[in-house]
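# What the coordinates show
The residues making up each chain are set out below.
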Amino acid sequence: MHALTLFEQIAIWCVLGVAVLGLWYAVFLRRQIMREDAGTPKMKEVWTAIKDGADAYLSRQLRSILPLIGVLTFALFFSVYIVPPSPEALERFSDKTPDQVRMIIGLARAAAFIMGAFFSLLVGRIGMRMAVQANVRVASAARRSFGDALRIAYRAGTVTGMLTDGLGLLGGTAIFIILGVAAPDALLGFGFGGTLLALFMRVGGGIFTKAADVGADLVGKVEAGIPEDDPRNPAVIADLVGDNVGDCAGMAADIFESYEVTIVAGLILGLALMHITGRMEWIVFPLIVRGIGVVSSIIGTYVVKSGPGNSGNAMKAIFKGFLSSAAISAGLFFIAGYFYLNTAAMDAWGGWWRTPMAVAAGVLLAILIDRLTEHFTGTEGSPVKEIKKSADTGPATLILQGISAGFESSVWSVVVIAVTIVSSIGIFGTIPDLDPVHRVTFILYGVAMTGIGMLTLTGNNVAMDSFGPIADNANGIGEMSWSGMTDPETKSAQRIMADLDGVGNTTKAITKGVAIGSAVIAAVALFGSFLVDVARSQAAMGVDPSKLITALGIRVDVPIVFVGMLIGGALPWLFSSFAIQAVSRAAALIVQECRRQFRLGVLEGKVAPDYRQAVSISTTAAQKELVSLALLGVLTPILVGLVFQVEALGGFLAGLILSGQLLAVFMNNAGGAWDNAKKLLEEEPRNVAGNTGKGSERHKATVVGDTVGDPLKDTSGPALNPMIKVVNLVSVIIAPIVVKYQDLGAKGWTVAVLLLAALIWAVRRSKTPVQDIAKTA
């Protein structure tokens with residue numbers, strides 16, 4: 001902090017204050033929501049079962065992952081002893097010996113890793129508990145008005161959004177205040193901790209929720225012909241629990257780590273620009289931008305509302321709030337840029353407007369992905385209507401139509417992201433009289449600022465995502481509590497909850513699209529950080545400047561680089577395969593369990609359904625994949641780097657980013673489109689012939705499509721986001737080590753063999769059936 005001007009020091013402390021403001025606002029909203037009516041005793045009974053199941057699952061998940069967290073904490077501490085301290089660390093602690101600096105940075109990186117993991121866990125757990133508290137209150141409010149139900153659902157999601165904003169900004173800013181220019185060394189640990197926990201929660205929660213959902217739909221809707229969330233279905237509570245541990249806890253942790261990672265990449269590249277230009281503005285301005293985003297999200301919350309009565313347009317109200325926050329933040333970016341960056345020193349580097357323009361491009365990217373995803377997954381878009389129409393000819397044509405829509409949506413998403421990166425080239429690549437190597441660094445910094453801008457409205461994004469499972473759970477609680485009731489108030493409440501549930505499907509798809517897009521932008525920025533770190537390590541070893549990786553680039557025509565690209569492109573497919581296999585196997589077990597209970601007379605009311613069995617099956621299936629899938633993301637880049645060297649590792653990252661983006665968007669949008677096609681058909685009135693509405697053959701076709709899409713959009717697709725960033729962060733952390741040990745020797749090859757053995761174990765464990773794991777657990 002001593003290198004900052006007085007204005008910059010005040011600005012940084014104000015940003016820290018804004019982080020605390022965001023956390024206070026989360027507490028304020030929670031108190032508001034807890035004062036709302038929690039409904040009838042029957043509604044509270046269903047709610048209690050959901051709450052107990054969700055808490056039990058997350059507690060068991062934490063016990064499963066703590067050993068790996070402990071091992072990685074020690075690994076991060078000792079990683080700083082393998083290579084010399086960074087020049088920034090030596091500068092920051094100039095009164096210490098190099099060994100003392102290593103210890104300080106090692107402790108800082110390990111502590112930041114634990115803090116990032118803890119914050120990610122905290123966001124997920126508190127967000128999930130807030131959603132559980134809200135869903136019963138939303139169901140109760142639906143008996144009064146559409147506006148009350150919408151307000152409670154959205155503000156409950158905003159609690160999680162403000163936690164994400166507040167904790168992410170608090171952690172990053174505090175590390176910068178303590179370590180100054182040496183902060184990136186510790187921020188890598190902070191980002192890695194948050195990302196790894198998000199991967200655990202995404203994988204575990206996704207497998208849990210979709211194993212229960214697919215099993216419940218197949219045996220309930222298709223085989224038994226009973227409605228969704230029918231209390232006689234033994235898997236219905238597991239399904240509702242899964243909405244919370246998957247969509248609430250998992251998505252909150254996912255966006256939190258994206259929030260962390262983009263600032264990590266921005267500060268690393270800002271540090272590189274500081275060395276080029278001698279200016280601290282490149283580091284300070286990203287933190288100011290994040291503070292602006294928190295304030296804008298708070299203001300946008302109050303724009304989301306509907307008029308009185310029992311109907312309204314929830315999607316319009318939510319998007320209005322998002323656009324309001326976007327407009328406010330974009331204006332404040334330019335105001336802050338004008339007053340802070342408009343100096344003669346910054347004019348020498350292209351003018352003050354370039355950085356705010358890159359951030360605003362990120363906000364625009366988020367809006368474009370929002371609209372694109374709604375087009376392909378929303379009930380008003382032509383793709384979903386075409387999928388619904390294809391149900392006339394059965395499930396095969398319906399699935400084909402959904403696949404084609406998913407493929408097309410992935411292409412347009414890539415085009416939008418490509419245009420955004422080109423905009424960064426146009427903004428920073430046109431600075432006159434730049435060295436070619438420095439020009440690339442400026443452009444990559446622009447990409448990082450685009451990612452920061454894209455996640456500026458994290459509070460709004462998380463609120464939109466949490467709105468989905470809150471509305472879904474509220475609808476389920478209503479279905480289970482109001483079964484058989486036909487009074488006008490109940491019918492009106494059911495219509496309101498069905499409308500909010502349909503909008504929730506779209507908002508979930510939109511925020512997953514934003515998360516995927518931010519993952520790609522963050523990965524590209526981290527790729528730039530990887531190049532910068534490799535070049536600095538090479539320079540420290542005395543490599544000629546003309547032969548640094550930033551000067552030569554990563555050439556695809558070099559065979560070993562292409563090998564790395566092939567391996568990187570294949571990794572998302574293997575990862576997704578294991579996640580979907582886990583859902584398929586667990587869903588089959590749940591189907592068998594439900595059939596067993598049906599044979600005992602559950603449908604006829606002879607015996608009560610045993611909800612605990614389906615919860616237990618889903619929990620076991622989710623826990624078995626946590627460590628094995630995480631090891632794929634952590635160990636593969638280390639193995640590629642050690643065996644094939646740093647250029648191949650760069651090719652590996654490039655292949656991973658492209659393949660992961662295309663696959664994740666396809667799975668997210670195809671699954672969301674199938675889901676909403678089913679919702680659209682369920683709104684049809686059932687005719688005399690029985691070929692429309694719920695229970696018809698057309699409806700069963702859409703249920704099949706929905707169950708195929710469920711593990712795509714809620715398990716493997718979303719889990720690719722943190723996986724891509726885990727791989728990138730691990731690559732940035734190990735880059736100096738890979739550069740130093742180009743000749744592995746006997747010890748290096750021993751490490752490589754052990755890593756390969758661990759990967760083989762992970763693959764074999766993922767292929768082990770759930771029953772066998774349960775026997776040995």
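Residues numbered from 1 in each chain as written. Predicted model: local features only at pLDDT ≥ 70, side-chain atom pairs only at ≥ 80, totals over all residues. Heavy atoms only, no water.

### As for a nonpolar patch on the surface
Taken together, Phe-74, Phe-78, Tyr-81, Met-103 and Leu-107 make up a surface patch of nonpolar side chains, about 540 Å² in accessible area. Secondary-structure elements contributing two or more residues to the nonpolar patch are helix H2 (41-79) and helix H4 (98-141). As for its position among the elements, Leu-107 is in helix H4. For Leu-107, a relative accessible area of 49% gives the class partly exposed. (Patch = residues over 30% accessible without salt bridge, like charges linked within 9 Å, V, L, I, M, F, W, Y side chains within 5 Å. Areas by Shrake-Rupley, 256 points an atom, 1.4 Å probe, with all protein chains shown as cover. Salt bridge = Lys/Arg side-chain N within 4 Å of Asp/Glu carboxyl O. Helix = DSSP H or I, 4+ residues; strand = E, 2+ residues; numbered from the N terminus. Buried < 20%, exposed > 50% of the residue type's maximum accessible area, 1.4 Å probe, protein only.)

### Topic: the confidence of the model for the protein chain
For the protein chain, mean pLDDT is 85; residues scoring 70 or higher make up 96% of the total. Throughout residues 772-777 the model reports pLDDT below 50, and contacts reaching past four residues in sequence, or to other chains, amount to four contacts. (pLDDT = per-residue confidence, 0-100. Contact = heavy atoms within 4.5 Å.)

### A few points about the pattern of salt bridges
Applying the stated criterion to the full structure yields 26 salt bridges. A salt bridge links Lys-678 to Asp-675; the nearest nitrogen and oxygen atoms lie 3.8 Å apart. In this pair, Lys-678 and Asp-675 both sit in helix H19 (residues 611-682), three residues apart, roughly one turn of the helix. The exposure class assigned to Lys-678 is buried, which follows from its relative accessible area of 2%. Take Asp-675: its relative accessible area is 6%, and that puts it in the buried class.

### Quick notes on the environment of Thr-692
Tracing the backbone through its elements, the reader meets Thr-692 in the loop between H19 and helix H20 (697-740). Distance in space between the C-alpha atoms of Thr-692 and Asp-392 is 9.7 Å, their sequence separation being 300 residues.

### Quick notes on the packing of aromatic side chains
Centre distance and the angle of the planes are the two values used to describe a pair of aromatic rings. Scanning the entire structure with this criterion turns up 20 aromatic pairs. Between Trp-282 and Tyr-445, the aromatic rings sit 5.5 Å apart at their centres with planes inclined by 85 degrees, giving edge-to-face as the arrangement. In this pair, Trp-282 sits in helix H8 (residues 281-301) while Tyr-445 sits in helix H14 (residues 436-454), placing the two residues 163 residues apart along the sequence. Residue Tyr-445 is classed as buried on the basis of its relative accessible area of 0%. Each member of the aromatic cluster is reached from another via a ring pair, and the members are Trp-282, Trp-349, Phe-428, Phe-442 and Tyr-445. Here Arg-371 stacks its cationic end above the ring of Phe-319, 3.5 Å away from the centre of that ring. (Phe/Tyr/Trp six-rings, centres within 6.5 Å; stacked < 30°, edge-to-face > 60°. Lys NZ or Arg CZ within 6 Å of the ring centre and 35° of its normal.)

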